[in-house]
Amino acid sequence: MPRVLLIEDDAAVRRGVVLGLSRNGHETEAVGTGEDGLEALAACRPDLVLLDLMLPGMSGLEVCRRIREISRLPIVILSARGDDIDVVIGLESGADDYVVKPARAAVIEARMRAVLRRVAPAQADTGTDTGPTTVGDLEIDRGALIVRKRGDELQLAPSELKLLLFLSAAPERTFARQQLLEDVWEHSYYGDARLVDACVMRLRAKIEEDPRRPVYVQTVRGFGYRFGPLPA
């Protein structure tokens, strides 16, 4: 089972989450501060990080940003702060999903599994061609799950990579946000469109020459997003 690093300062919550994860067979390392969490990354080599936002000392947002600077490790924020602005800021800092506490163990487990599936080998919904494809300045290698821009490998988070693979498999086709939630994030409930929008913003910052004038991931106003068409 995937190894999980839990960074949560509330001891009672920490015990409850660890108990739920252990019942599902997960090996879990649990720490109470962001500083300890960053140190534990190298020691326990987790497959996924569960991260609280309101940590003493270094904030959860800063921890998320630091992890994302060096790794595409899946990150799920687990926080009591569920306002739209908090969720958007958390997602824009590099998290792959956001779960509002209190959350049942089954919900946490389902979200973790959905995120982990995004880093699994390319599946049918990302296209059948697993060879490298060049599109403009991008080289998309579906088999290796690597994206390069002008020859330099891009550090894409799991959600960013899955979204790019999904959209680029059907160029010029427009997908509604709701459909992207179901096919990329594998869950849907009211308000989750912010997951898509925040992920698009992060992805554009990495692949577009000018994120304000996107060429690859384009907005179809009032509906959703599409990949291309590229200018002649």
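Residues numbered from 1 in each chain as written. Predicted model: local features only at pLDDT ≥ 70, side-chain atom pairs only at ≥ 80, totals over all residues. Heavy atoms only, no water.

Engineer: How would you summarise the overall build of the protein chain if you had to cite specific residues and measurements?
Structural biologist: Secondary structure assignment for the protein chain yields eight helices and twelve strands. Here the C-alpha radius of gyration of the protein chain, 18 Å, is about what a compact globule of 232 residues would show, namely 17 Å. Projected onto its principal axes, the C-alpha coordinates of the protein chain cover approximately 60 × 35 × 30 Å. Residue burial in the protein chain is summarised as follows: out of 232 residues, 46% are buried. For the protein chain, the proportion of contacts with a sequence separation of at least 24, taken over those separated by at least 6, is 58%. (Helix = DSSP H or I, 4+ residues; strand = E, 2+ residues; numbered from the N terminus. Rg over C-alpha atoms; globule rule 2.2 N^0.38 Å. Buried < 20%, exposed > 50% of the residue type's maximum accessible area, 1.4 Å probe, protein only. Contact = heavy atoms within 4.5 Å.)

Engineer: Got a sec to walk through helix H5 (residues 105–117)? Specific residues and values, please.
Structural biologist: In this model H5 runs 18 Å from its N-terminal to its C-terminal C-alpha over 13 residues, within 8% of the 18 Å that 1.5 Å per residue would give. Buried within H5 are the following residues: Ile108, Glu109, Arg111, Met112, Ala114, Val115 and Leu116. Contact partners of the buried residues in H5: strand E1 (4–7), helix H1 (11–23), strand E3 (48–51), strand E4 (75–79), strand E5 (97–100) and helix H7 (177–185). (Expected span 1.5 Å × (residues − 1).)

Engineer: I'd like to hear about the sheet that holds strand E10 (residues 175–176), residue by residue, with values.
Structural biologist: Strand order in the open sheet formed by three strands is E10-E12-E11, and the pairing between neighbours is antiparallel. Two strands in the sheet have a free side with no partner beyond their single neighbour: E10 and strand E11 (217–220). Relative to strand E12 (residues 224–227), E11 runs antiparallel, the two sharing four bridges. Bridge assignment links glutamine 218 to a residue of E12, and that residue is arginine 226. Lying on the sheet, helix H8 (residues 193–207) is in contact with E11 and E12; it crosses E11 at an angle near 140°. (Pairing = 2+ DSSP bridges. Axes fitted to C-alpha atoms, helices over the stretch in contact; angles between N-to-C directions.)

Engineer: Mind laying out the nonpolar core, listing which residues take part and the relevant values?
Structural biologist: By size, the foremost hydrophobic cluster in this structure holds 50 residues, and its most contacted members are Val49, Leu163 and Leu180. With seven residues, the single largest contributor to this core is H8. Once residues within four sequence positions are removed from consideration, leucine 180 is found in contact with Leu163, Phe166, Leu167, Phe175, Trp185, Val196 and Tyr225. Core analysis: the second largest hydrophobic core is formed by 13 residues, Val4, Leu48, Val76 and Ile108 among them. (Core = buried A, V, L, I, M, F, W, Y, C linked by side-chain atoms within 4.5 Å.)

Engineer: Tell me about the packing of aromatic side chains, and name the residues and values.
Structural biologist: In the structure shown here, the tally under the stated rule is two aromatic pairs. Where phenylalanine 166 meets phenylalanine 175, the ring centres are 4.8 Å apart and the plane angle is 55°; that geometry is what we call tilted. Like phenylalanine 175, phenylalanine 166 is buried. (Phe/Tyr/Trp six-rings, centres within 6.5 Å; stacked < 30°, edge-to-face > 60°.)

Engineer: Can you tell me about the environment of leucine 180, naming the residues and giving the values?
Structural biologist: Structurally, leucine 180 can be placed in helix H7. Placed 27 residues apart in sequence, leucine 180 and isoleucine 207 show a C-alpha to C-alpha distance of 19 Å.

Engineer: Please set out the pairing of E3 residue by residue, giving values where relevant.
Structural biologist: On a regular strand, one side chain projects to one face of the sheet and the next to the other, so that they alternate. On E3, burial covers both faces: Leu48 and Leu50 on one face and Val49 and Leu51 on the other are all buried. Direction of pairing for E1 relative to E3: parallel, over a ladder of four bridges. Bridge pairing links valine 4 to leucine 48 in E3. In the sheet, E3 pairs with E4 via three bridges, with the strands oriented parallel.

Engineer: Describe the packing of H7 against H8, listing the residues and the values that go with them.
Structural biologist: Running from N to C, H7 and H8 point in directions that differ by 80°, and their axes come no closer than 9 Å. Comparing the axis directions of H7 and H8 gives the class roughly perpendicular. Between H7 and H8, the contacting residues are Arg177, Leu180, Leu181 and Trp185 on the first element and Ala193, Leu195, Val196, Asp197 and Cys199 on the second. Taken together, the residues that form the contact of H7 with H8 break down as seven nonpolar, no polar and two charged. (Parallel < 35°, antiparallel > 145°, perpendicular 65-115°, else oblique. Nonpolar A, V, L, I, M, F, W, Y, C, P; charged D, E, K, R; others polar.)

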